[in-house]
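Now for the letters of each chain:
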Amino acid sequence: AQSVSQHNHHVILSEAASLELGCNYSYGGTVNLFWYVQYPGQHLQLLLKYFSGDPLVKGIKGFEAEFIKSKFSFNLRKPSVQWSDTAEYFCAVNTPPGNQFYFGTGTSLTVIP
Amino acid sequence: ETGVTQSPTHLIKTRGQQVTLRCSSQSGHNTVSWYQQALGQGPQFIFQYYREEENGRGNFPPRFSGLQFPNYSSELNVNALELDDSALYLCASSPGLAGKNEQFFGPGTRLTVL
């Protein structure tokens, strides 16, 4: 079965620090990749997605992610975090054509002002 | 524009009982997906309904079943409840199959099985 690994369970950063959250998946075929974010007290919402084309995708709020097929990875990055980025971040993989979704266990990010 | 809504917000049941959870999709969305999120875990995909048909299922037993109605709202039914079914159940709607479209999540239903 497909699996998604997020190795960083809890990350604490100071404002203006750079962020990279790891995401690895196990499926060898075509995948669609996503990062979702859940801010405190809010619903899960999409940060960015990758279907095909340029492996470097840009999302909302200055986030970006790079798909490296050879490493089965889709790491999330932000050059300079803000206190408002404090949230839970989830990587997710969709495996067409089965239309199944697999989420990682999430990474809790705390940004200290 | 109304977002995804779910009812009830909280529910307590005992082992062996049956439960029905409801989800109203966002306006214009024809796809609803259901997820189970245990404490400290990521959402686990249960199934997806596209235009009233099941279109993709995760690794859940048949006692987890669903429906999608002509207005694209959806129900999740769980029979013969077990203690491990205690979790937050999330519904997400999308304007097409979830693999190719952004999913909009609801607030979830917290189910406790005693």
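Heads up: the structure comes first, above all this text.
Every residue gets a number counted from 1 within its own chain, in the order that chain's sequence is written. Lettering for chains starts from A, numbering for ligands starts from 1, and both go in the order in which the items are written. The predicted origin of the model limits local features to residues at a pLDDT of at least 70 and limits the giving and counting of side-chain atom pairs to 80 or more, whereas totals for whole chains, interfaces and linings rest on all residues. Derived side-chain values reflect all non-hydrogen atoms in the structure, with water molecules and hydrogen atoms excluded from consideration.

Considerations on the overall build of chain A
The way it works is that DSSP assigns letters per residue, a run of H or I at least four long becomes a helix, a run of E at least two long becomes a strand, and they are numbered from the N terminus. Along its length, chain A carries zero helices and 12 strands. Reading the secondary structure of chain A in the N-to-C direction produces β-β-β-β-β-β-β-β-β-β-β-β. Our radius of gyration looks at C-alpha atoms and nothing else; its globule reference is 2.2 Å times the residue count to the power 0.38. At 14 Å, chain A has a C-alpha radius of gyration in line with the 13 Å of a compact globule built from 113 residues. Within the span of chain A, comprising 113 residues, buried residues form 45% of the whole. For chain A, long-range pairs separated by at least 24 residues make up 54% of all intrachain contacts whose partners lie at least 6 apart in sequence. Per element, the accessible surface of chain A, about 5,300 Å² overall, is 54% carbon and sulfur. Distance from the positive charge centre (7 side chains) to the negative charge centre (7 side chains) of chain A: 6 Å. A simple rule labels every residue: compare its accessible area, found with a 1.4 Å probe on the protein chains alone, to the largest value its type can have, and call it buried under 20%, exposed over 50%, or partly exposed in between. By definition in these notes, contact holds between two residues if any of their heavy atoms fall within 4.5 Å. Only the protein chains shown count as cover for residues, with accessible areas throughout obtained via the Shrake-Rupley method and a probe of 1.4 Å. The convention is simple: Lys and Arg are positive, Asp and Glu are negative, and His and the chain ends are not counted. Note on charges: their place is set at NZ of Lys, CZ of Arg, CG of Asp or CD of Glu.

Comments concerning the nonpolar core
Residue and element names in this part refer to chain A. Only buried residues count toward a nonpolar core, which is a set of Ala, Val, Leu, Ile, Met, Phe, Trp, Tyr and Cys residues joined through side-chain atoms within 4.5 Å. L33, W35, L47, L48, F74, L76 and Y89 are the most contacted members of the largest nonpolar core, which has 28 residues in total. Looking at this core, the elements that each hand over two or more residues are β2 (10-14), β3 (19-21), β5 (32-38), β6 (45-50), β8 (64-68), β9 (73-78), β10 (87-95) and β12 (107-112). Setting aside residues no more than four positions away along its own chain, Y89 makes contact with Q6, L21, W35, Y36, V37, Y39, L47, F63, L76, G106, T107 and L109.

Overview of the interface of chain B and chain A
Taken together, the contacts link 23 residues of chain B with 16 residues of chain A. Between chain B and chain A, a total of about 1,600 Å² is buried, with carbon and sulfur atoms accounting for 55% of that surface. By definition here, a salt bridge exists when the distance from a side-chain nitrogen of Lys or Arg to a carboxyl oxygen of Asp or Glu is within 4 Å. There are zero salt bridges connecting chain B and chain A. Definition of a polar contact: a pair of N or O atoms within 3.5 Å, with one able to donate and the other able to accept a hydrogen when the atoms are protein atoms, and with sequence-neighbouring residues admitted only if both atoms are side-chain atoms. Our count for the chain B to chain A interface comes out at four residue pairs in polar contact (both at pLDDT 80 or more). Elements that contribute at least two residues to the side of chain B that touches chain A include exactly β4 (31-37), β5 (44-50) and β6 (53-57) of chain B. Amino acid classes used here: Ala, Val, Leu, Ile, Met, Phe, Trp, Tyr, Cys and Pro are nonpolar; Asp, Glu, Lys and Arg are charged; the rest, including Gly, are polar. The class makeup of the residues in the side of chain B that touches chain A is eight nonpolar, 12 polar and three charged. The quantity reported as buried area is the accessible area (1.4 Å probe) lost by two parts once they are put together, taken as the sum for both.

Some details on the pattern of salt bridges
With the rule as written, the count across this model stands at eight salt bridges over all chains. Two residues, R77 of chain A and E64 of chain A, come together in a salt bridge whose shortest N-O distance is 3.4 Å. Of the two residues, R77 of chain A sits in strand β9 while E64 of chain A sits in strand β8, which places them 13 residues apart along the sequence. Here R77 of chain A falls in the partly exposed class, since its relative accessible area comes to 24%. Among the salt bridges present, the one from R63 of chain B reaches E82 of chain B, with a minimum N-O distance of 3.3 Å. Remark: E82 of chain B occurs in the loop between β8 (74-78) and β9 (87-94) and R63 of chain B occurs in the loop between β6 and β7 (64-68); sequence separation between them is 19 residues.

Quick look at the environment of T109 of chain B
All names here are of chain B. With respect to the element layout, T109 can be found in strand β11 (residues 109-113). Its relative accessible area of 0% is what places T109 among the buried residues. T109 sits 84 residues away from S25 along the chain, and the two C-alpha atoms are 15 Å apart. Setting aside residues no more than four positions away along its own chain, T109 makes contact with Q6, S7, P8, T9, L21, A87, L88 and Y89.

Considerations on the packing of aromatic side chains
Only Phe, Tyr and Trp rings take part, Trp by its six-membered ring, and two of them pair if their centres are within 6.5 Å. Stacked means planes under 30 degrees apart, edge-to-face means over 60, and tilted covers everything else. This structure, assessed with the given rule, holds 18 aromatic pairs over all chains. Ring plane angle 45° and centroid distance 5.8 Å describe the contact between Y36 of chain A and F103 of chain A, whose orientation is recorded as tilted. Here the residue Y36 of chain A occupies a position in strand β5, and F103 of chain A occupies one in strand β11 (residues 100-103), the gap between them amounting to 67 residues. The same class applies to Y36 of chain A as to F103 of chain A, namely buried. Between F63 of chain A and Y89 of chain A, the ring centres sit 5.6 Å apart and the planes meet at 45°, which makes this aromatic pair tilted. Taken together, the positions of F63 of chain A in the loop between β7 (56-58) and β8 and Y89 of chain A in strand β10 put the pair 26 residues apart, joining distant regions of the chain. Site record: aromatic cluster; members linked through ring pairs are F34, Y36, F51, F90, F101 and F103 of chain A together with Y35, F45 and F105 of chain B.

What about the side chain of E64 of chain A?
Residues and elements named next belong to chain A. On the basis of relative accessibility, which here comes to 18%, the residue E64 falls in the buried class. A distance of 2.8 Å separates a polar atom in the side chain of E64 from a polar atom in the side chain of K58. What E64 contacts, discounting residues up to four positions off in sequence, is L48, L56, V57, K58, N75, L76 and R77.

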